[in-house]
Amino acid sequence: MIRTVESPPPASAPVLAAYSYCEAVTGQQARNFAYGIRLLPTPKRRAMSALYAFSRRVDDIGDGALAADVKVARLEDTRTLLDRVRAGKVEEDDTDPVAVALSHAASAFPIPLGGLDELIDGVLMDVRGETYETWDDLKVYCRCVAGAIGRLSLGVFGTEGGARGTERAAEYADTLGLALQLTNILRDVREDAEGGRTYLPSDDLAKFGCSAGFDGPTPPEGSDFTGLVHFEVRRARALFAEGYRLLPLLDRRSGACVAAMAGIYRRLLDRIERDPEAVLRGRVSLPGREKAYVAVRGLSGLDTRHVSRRSPARQTARRRT
């Protein structure tokens, strides 16, 4: 069971400055993520920003234009920095604000920092140009780059005292991360293809006649691209349904944060399902007003109550009565 520290230690001026830097990075680089974490109390919001800023650094190394061997070296340098954080060897006056903020967050919350090692492992898979034959193969990658983020976030959120089923909270957080990552893969299929990357399983591509790839604004000739997208959408929806079981295990504001972030991606999935070829023409996104609506819906607890009503335990109880 994961429990959040009730009263995180006070932050000094250098630590507050480091957190401010991380929050600025988050606001500039991750608008969907930023919409969700603004619903959290300040200590949790800052900790989540520190996690994001470190993760962003890792992603930027993998996505950059450096030679592969240089990327590998920089990723291993980042892992060494993570080891310093883990060992409590980052001083408050360190010149790296991300390291300072992450170190303070790790002292305030039971964050499983090994998840950041998994993220580095996943980005190394990108650097090596790995492709995935089956969904089971792709899941390994998704768990590294997204499932791990779900488990890291759970360390900040904690679980609600007295909630039933908290022993499965990390599993649900991991699954929700997979749902978000598969949605990302669908949204970015054209952009990734232009960068020489293919994430969708080759078995699925072959099944729907899409093995030629996606290097233009139209599907491969003779393919069933719509069928492929709808197939992956169904898979993502099943992951969302399982991952949403996390919501009743969180406190109200943490649940609202998760519901907001996941809700944005579920709505992206809806748009992709309605117009599959849109992902080949450009990036599918939501307008700000729709994101705001999702945030308000999350804060209302509507999604959490919906999941609670559909939980297996409640359904079993109804059947017994």
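Our structure's up above, just so we're on the same page.
Read on for a plain summary of the structure. In this convention, every chain numbers its residues from 1, walking through the sequence in written order. Reporting of local features is limited, given that this is a predicted model, to residues whose pLDDT is at least 70; pairs of side-chain atoms are given and counted only at 80 or more, and all residues count toward the totals for whole chains, interfaces and linings. Hydrogens are left out, water is left out, and the side-chain values use all remaining heavy atoms of the structure.

Quick look at the overall build of the protein chain now. Each helix is a run of DSSP H or I of at least 4 residues and each strand a run of E of at least 2, with the numbering of both proceeding from the N terminus. When you go through the protein chain residue by residue, the secondary structure sums to 16 helices and zero strands. Only protein chains enter the area calculation, which uses a 1.4 Å probe; residues under 20% of their type maximum are buried, those over 50% are exposed, and those in between are partly exposed. For the protein chain, with 321 residues in total, the buried portion stands at 51%. Contacts: residue pairs with any heavy atoms within 4.5 Å of one another. Long-range contacts, defined as pairs at least 24 residues apart, comprise 74% of the intrachain contacts of the protein chain with a sequence gap of at least 6. Note on areas: Shrake-Rupley, 1.4 Å probe, and residue coverage restricted to the protein chains presented here. Total accessible area on the protein chain stands at roughly 14900 Å², and carbon and sulfur atoms take up 49% of it.

Pairs can form between side chains of opposite charge whenever their charged atoms are close. Within this document, salt bridges are pairs made up of a side-chain nitrogen of Lys or Arg and a carboxyl oxygen of Asp or Glu, the two lying within 4 Å of each other. Evaluated as defined, the whole model comprises 28 salt bridges. Here E273 and R237 are joined by a salt bridge, their closest N and O atoms 2.7 Å apart. Of this pair, E273 sits in helix α12 (residues 252–274) while R237 is found in helix α11 (residues 225–243), placing the two residues 36 residues apart along the sequence. Given the relative accessible area of 29%, R237 is considered partly exposed.

Structurally, D188 can be placed in the loop between α8 (169–187) and α9 (189–194). What qualifies as a polar contact is a pair of N or O atoms within 3.5 Å, subject to a donor-acceptor requirement within protein and to the restriction that residues adjacent in sequence count only when both atoms come from side chains. At 3.2 Å, the side chain of D188 and the side chain of R283 are in polar contact.

Attention now moves to the packing of α8 against α12. The convention used is that axes are lines fitted to C-alpha atoms, helices contributing only their stretch in contact, and that angles between N-to-C directions extend from 0 to 180 degrees. Where α8 meets α12, the closest approach of the two axes is 10 Å, and the angle between their N-to-C directions is 35°. In this structure, the crossing between α8 and α12 has a hand that is left-handed. Residues L176, L180, T183, N184, L186 and R187 of α8 lie in contact with α12, whose contacting residues are V258, A262, Y265, L268, L269 and I272. Here the residues of the contact of α8 with α12 are counted per class, giving nine nonpolar, two polar and one charged. Two helices that cross are described as forming a left-handed crossing if the nearer one is turned anticlockwise from the farther one by less than a right angle, and a right-handed crossing if clockwise. Residue type decides the class: Asp, Glu, Lys and Arg count as charged, Ala, Val, Leu, Ile, Met, Phe, Trp, Tyr, Cys and Pro as nonpolar, and the leftover types, Gly among them, as polar.

Before going further, it helps to spend a moment on α8. Here the expected span of a helix is defined as 1.5 Å times the quantity of residues minus one. Between the first and last C-alpha of α8 there are 27 Å, a value that for 19 residues agrees with the 27 Å anticipated at 1.5 Å per step. Counting buried positions along α8 yields 16 of 19 residues, so the element is predominantly enclosed.

The end-to-end C-alpha distance of helix α5 (residues 97–108) is 17 Å, a good match for the 16 Å that 12 residues give at a rise of 1.5 Å each. The buried fraction of α5 amounts to nine of the 12 residues, a majority that puts the element mostly inside the structure. The complete set of buried residues in α5 reads V98, A99, V100, A101, L102, S103, H104, A105 and A108. Contact partners of the buried residues in α5: α1 (13–29), α3 (42–63), α4 (68–86) and α6 (114–127). Among the residues of α5, the N-terminal cap falls to D96, whose side-chain oxygen and the backbone nitrogen of V98 are separated by 3.0 Å.

Packed helix pairs are characterised by how far apart their axes lie and by the angle those axes make with each other. It is the contact of α11 with α12, at a shortest axis distance of 10 Å, that shows an interaxial angle of 160°. Classified by the interaxial angle, the pair formed by α11 and α12 is roughly antiparallel. Classified by chirality, the crossing of α12 by α11 is left-handed. Between α11, through V229, H230, V233, A236, R237 and F240, and α12, the contact on the second element is made entirely by A262, Y265, R266, L269, D270, I272 and E273. Class assignment for the residues of the contact of α11 with α12 results in eight nonpolar, one polar and four charged. For classification purposes, an angle smaller than 35 degrees is called roughly parallel, one larger than 145 roughly antiparallel, one from 65 to 115 roughly perpendicular, and anything else oblique.

This next bit is on the packing of aromatic side chains. Here is the rule: rings of Phe, Tyr and Trp (six-membered ring for Trp) pair when centre to centre is within 6.5 Å. Planes less than 30 degrees apart are stacked, more than 60 are edge-to-face, and the remainder are tilted. Considering all chains together, one arrives at five aromatic pairs under this definition. Where F208 meets F231, the ring centres are 5.7 Å apart and the plane angle is 45°; that geometry is what we call tilted. With F208 in the loop between α10 (202–207) and α11 and F231 in helix α11, the pair connects residues that are 23 residues apart, well separated along the chain. Overall, F208 belongs to the buried group, its relative accessible area being 14%. Here F214 and F225 contribute two aromatic rings whose centre-to-centre distance is 5.4 Å and whose plane-to-plane angle is 65°, an arrangement assigned as edge-to-face. Of this pair, F214 sits in the loop between α10 and α11 while F225 sits in helix α11, placing them 11 residues apart in sequence.

Attention now moves to the side chain of R187. Mapped onto the secondary structure, R187 falls in helix α8. One polar contact links R187 to D188, side chain to side chain, over a distance of 2.9 Å. Among residues more than four places away in sequence, those in contact with R187 are N32, Y265, L268, I272, V279, R283 and V284.

Any functional reading would require information beyond the geometric quantities listed.
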